[in-house]
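# Summary of the model geometry
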Amino acid sequence: PWSCSGLAYRAMSTKVPERNKERSFIMIKPNGVQRGLIGEVIKRFEQKGYKLVAMKFMQASEEHMQKHYTHLQSKAFYPGLCKYMSSSPVVPMVWEGLDVVRTGRVMLGETNPGDSLPGTIRGDFCLHVGRNLVHGSDSIENANKEIALWFREDEIVTYTAGQYDWVYD
Ligand code: ADP
């Protein structure tokens, strides 16, 4: 009786190491929503073993997108990018797990979909840099900033993932 339920018991009682609680801000961009790829993006993070801790479906204002992309203010594409990103709904999410910032970027592919390998989200589903489908934080510091911009503390859900002991040793 312990072979299976023992693992479930351990997940409930063992403290999760800090490194397994890293968080990244991942957002499905307007074309990901419009092209019916919400499930595809979520599926990949779920299947990898990451834990969803926050998610919204919303249309953001241009001002909000300007804050999100404030580091790109000097770029020629910045106004168009902020306008595009606020033109249609997006799916902002927080995913949690080991190395999720770095590995999340690997799963997304390169900024330019043309440089992204097949098997990555951008490599598999898009063509143009201005329509690269998904955003992912590029550092832990930026992940924390982006999570704070998009989610209140009480919108981040604390729970034990049933698969924990089948994902981590
Ligand atoms: P990433 O999203 O991969 O972290 P950046 O932070 O450099 O990349 O850029 C943010 C977003 O701005 C990109 O995801 C892309 O949608 C858009 N972008 C970047 N470069 C260009 C460009 N040359 N023309 C149009 N859009 C661009």
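All figures in this text were calculated on a predicted structure; none of them were measured in a lab.

Rules and cut-offs
- Residues numbered from 1 in each chain as written.
- Predicted model: local features only at pLDDT ≥ 70, side-chain atom pairs only at ≥ 80, totals over all residues.
- Heavy atoms only, no water.
- UniProt positions renumbered as here; feature names shortened; annotations may be inferred.
- Helix = DSSP H or I, 4+ residues; strand = E, 2+ residues; numbered from the N terminus.
- Pairing = 2+ DSSP bridges.
- Axes fitted to C-alpha atoms, helices over the stretch in contact; angles between N-to-C directions.
- Buried < 20%, exposed > 50% of the residue type's maximum accessible area, 1.4 Å probe, protein only.
- Contact = heavy atoms within 4.5 Å.
- Near = heavy atom within 4 Å.
- Polar contact = N/O pair within 3.5 Å; in protein donor to acceptor, adjacent residues only side chain to side chain.
- Areas by Shrake-Rupley, 256 points an atom, 1.4 Å probe, with all protein chains shown as cover.
- Nonpolar A, V, L, I, M, F, W, Y, C, P; charged D, E, K, R; others polar.
- Salt bridge = Lys/Arg side-chain N within 4 Å of Asp/Glu carboxyl O.

### Description of the UniProt feature "domain: Nucleoside diphosphate kinase-like" (unreviewed entry) in the protein
Here, the residues flagged by UniProt with the feature "domain: Nucleoside diphosphate kinase-like" (unreviewed entry) are residues 21-158. Between the C-alpha atoms that bound residues 21-158 the distance is 11 Å, and the span itself is 41% helix and 14% strand.

### Considerations on the sheet that holds strand E3 (residues 91-96)
With antiparallel pairing, the four strands of this open sheet are ordered in space as E2-E3-E1-E4. The open sheet terminates on both sides in strands that have one partner only, identified here as strand E2 (51-55) and strand E4 (134-136). Direction aside, the axes of adjacent strands within the sheet are offset by 25° on average. Here E2 pairs with E3 via four bridges, running antiparallel. Bridging across to E3, Met55 finds its partner in Met93.

### Observations regarding the UniProt feature "binding site: ATP" (unreviewed entry) in the protein
Mapped onto this structure's residue numbering, the UniProt feature "binding site: ATP" (unreviewed entry) falls at Lys29, Phe77, Arg105, Thr111, Arg122 and Asn132. For Phe77, a relative accessible area of 47% corresponds to the partly exposed category. Summarising the element assignment, Asn132 is placed in the loop between helix H7 (121-125) and E4. Among the residues examined, Asn132 registers a relative accessible area of 3% and is labelled buried. Apart from residues lying up to four places away in sequence, Asn132 is in contact with Lys29, Thr111, Pro113, Arg122 and Cys126.

### Digging into the site of the ligand
In the vicinity of the ligand, the contacting residues are Lys29, Tyr69, His71, Leu72, Phe77, Leu81, Arg105, Thr111, Arg122, Val129, Gly130 and Asn132. A distance of 2.9 Å separates an oxygen atom of the ligand from a polar side-chain atom of Lys29. Taking 530 Å² as the accessible area of the ligand by itself, protein coverage stands at 76%. Here the shell around the ligand is built from residues that sort into five nonpolar, four polar and three charged.

### Section: the pattern of salt bridges
One pass over the full model with this rule turns up twelve salt bridges. Through salt bridges with shared partners, a single ionic network connects Glu40, Lys43, Arg44 and Asp124.

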